[in-house]
Structure formats: C-alpha cells, structure tokens
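Commentary on secondary and tertiary structure
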Amino acid sequence: MLNIVLFGPPGAGKGTQSQQLIDRYQLVHISTGDLFREHIKKGTELGKKVVEFNNNGILVPDEITIAMLKGMLDENKNANGFIFDGFPRTEAHAETLDRIMSGNATAIHAVLSLDVSEEEVRKRLQIRRDAEHRPDDEESKVNRRIEEYFNKTIHVLPYYNKQGRLTRVNGIGDISQVFNHICDKVDSARPAKA
Ligand code: AMP
C-alpha cells in the first residue's frame, strides 16, 4: 500500500496533482470535501446533517467526518493505497488518521505540502473567476476556504514536521515540473512492496 496526504490551499493545483498521482500509483482519492458535496447533492441523511457546515465553510463535527472516512476505507479494502485530500484538518484528525491506518496494518507514507502563498492563490483564483464568470457567492465561499486553510489547516503541518514526515513542494512552476518533484518525494517515501 501507498498512502499519501496532500496539503495545499485552494488554487494550489492540488486537484490536478492528485489526479496525476492517482493515475500513476493507482490510488483511491479520498477528498472529504468532495464526499460531503456528493452527499449533499444526493440529499442523503449525511448530506442533510452537513449542509449547513458546508455552506458556511465550518468544519463538520469529527464524529461525522471520521465515520465517513472509515466507511470509505472499508469500502476500498483492496486498494493499492489512498490519497487524502482535505483531511486531516486538525492535529486531532492527524492523530486519528495514524491510529486508523495502523489499525489497518498500514501507515501514511508521504505527507506533502504543495506550497503556494496566499497572495499567489488569490491571484490565480481571480484569474480563474474572471475567465469563468463565476457568481460573487462563489467568490465569498472561496475566500472563506482560503482563510480556513491559512488560518487553520496549516497548523496541522507542524504535527508531521516535528516527526520528520513532512515534505514541502514548491507549487509554483509548470504542472509537470511540480508533478515530477512530487513523484521523486513519493518514490523515496514509498514502502518497498507498495
Ligand atoms: P473542501 O472542499 O476540502 O474545502 O471542504 C469543503 C467543506 O467541507 C469544508 O468547509 C467543511 O465544511 C467540510 N469539510 C471538508 N473536509 C473536512 C474535514 N476533514 N473535517 C471537517 N469538515 C470538512
């Protein structure tokens, strides 16, 4: 198995890099944000519970998020590995993830932070918005997600850093250059029999 956690603010290129990692290493993508949005769209019981949090950019309570995450892991027992995107968001999540993985006789092998400054992501997202003519509502949601990343999620990085498990990747540059850099890091972190 090969399990990767990918950090990065909205607009850092995490979606693109995740997709390429999934294709190269045959991983299952676990994006808690995408999973919540799917539940909301389908109108499931879980979706009804999380819609208000999601609309307001507030973290969904841990018991809901973690139960959903465990469900995804159980449904994909034979996977080659996972890429976690949008989870962990707190140090408590990171500890829980380590416990869950070791309970499944595996571990998080690589923790990557795709580094792009707040100023740069705001610039990129403005360009994207101008090109796609997205509504203002979308802009305020994106702004909240950027703030959440730089004010909160970023504080999870020291948890991995102090254990020597964090790799920072410069997210500025062309897509394939960033991807090659990420792959070098993943290849040196992956277990012998992934
Ligand atoms: P994202 O697409 O990752 O920015 O997530 C969108 C929204 O889903 C967040 O603002 C939260 O309401 C919720 N969410 C996503 N991931 C998590 C998580 N790990 N813990 C709690 N809430 C989450």
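Let us look at the structure shown here. (Residues numbered from 1 in each chain as written. Predicted model: local features only at pLDDT ≥ 70, side-chain atom pairs only at ≥ 80, totals over all residues. Heavy atoms only, no water.)

1. Thoughts on the site of the ligand
Defined as follows: What makes a residue near a molecule or strand is one non-hydrogen atom of that residue sitting within 4 Å of it. Polar contacts, as counted here, are pairs of nitrogen or oxygen atoms within 3.5 Å of one another; within protein the pair requires one atom able to donate a hydrogen and one able to accept it, and residues that are adjacent in sequence qualify only if both atoms are side-chain atoms. Accessible areas in this description were obtained via Shrake-Rupley with a 1.4 Å probe; residue shielding takes into account the shown protein chains only. Secondary structure is summarised from DSSP: a helix means a run of H or I of at least four residues, a strand means a run of E of at least two, and numbering begins at the N terminus for each.
Not every one of the 17 residues close to the ligand is listed here, only the nearest: Thr32, Arg37, Ile58, Val60 and Gly86. Take Ile58: an N or O atom from its main chain is 2.6 Å from an oxygen atom of the ligand. Interatomic distance of 2.9 Å between a backbone N/O atom of Gly86 and a nitrogen atom of the ligand. Within the complex, 94% of the 470 Å² of free accessible area of the ligand lies under protein. Put simply, the parts of the chain that give the shell around the ligand at least two residues each are α2 (32-42), α3 (45-55) and α7 (136-151).

2. Structural notes on the pattern of salt bridges
Which entries qualify depends on this criterion: Here, a salt bridge means any side-chain nitrogen of Lys or Arg that lies within 4 Å of a carboxyl oxygen of Asp or Glu. Accessible area is worked out with a 1.4 Å probe on protein chains only. A residue is then buried under 20% of its type maximum, exposed over 50%, and partly exposed in between.
Scanning the entire structure with this criterion turns up 14 salt bridges. In this structure, Glu148 and Arg89 form a salt bridge, with 2.8 Å as the shortest nitrogen-oxygen distance. With Glu148 in helix α7 and Arg89 in the loop between β3 (81-85) and α5 (91-103), this residue pair connects regions lying 59 residues apart in the sequence. You can call Glu148 buried: its relative accessible area is 9%. Using a relative accessible area of 25% as the deciding quantity, one classes Arg89 as partly exposed. Note that Arg190 is salt-bridged to Asp187, the shortest N-O span being 3.9 Å. On the accessibility criterion, Arg190 (33% relative accessible area) is partly exposed. Given the relative accessible area of 36%, Asp187 is considered partly exposed. Several salt bridges converge on common partners, so that one network encompasses Glu118, Arg122 and Glu147.

The analysis is restricted to geometry; functional conclusions fall outside its scope.
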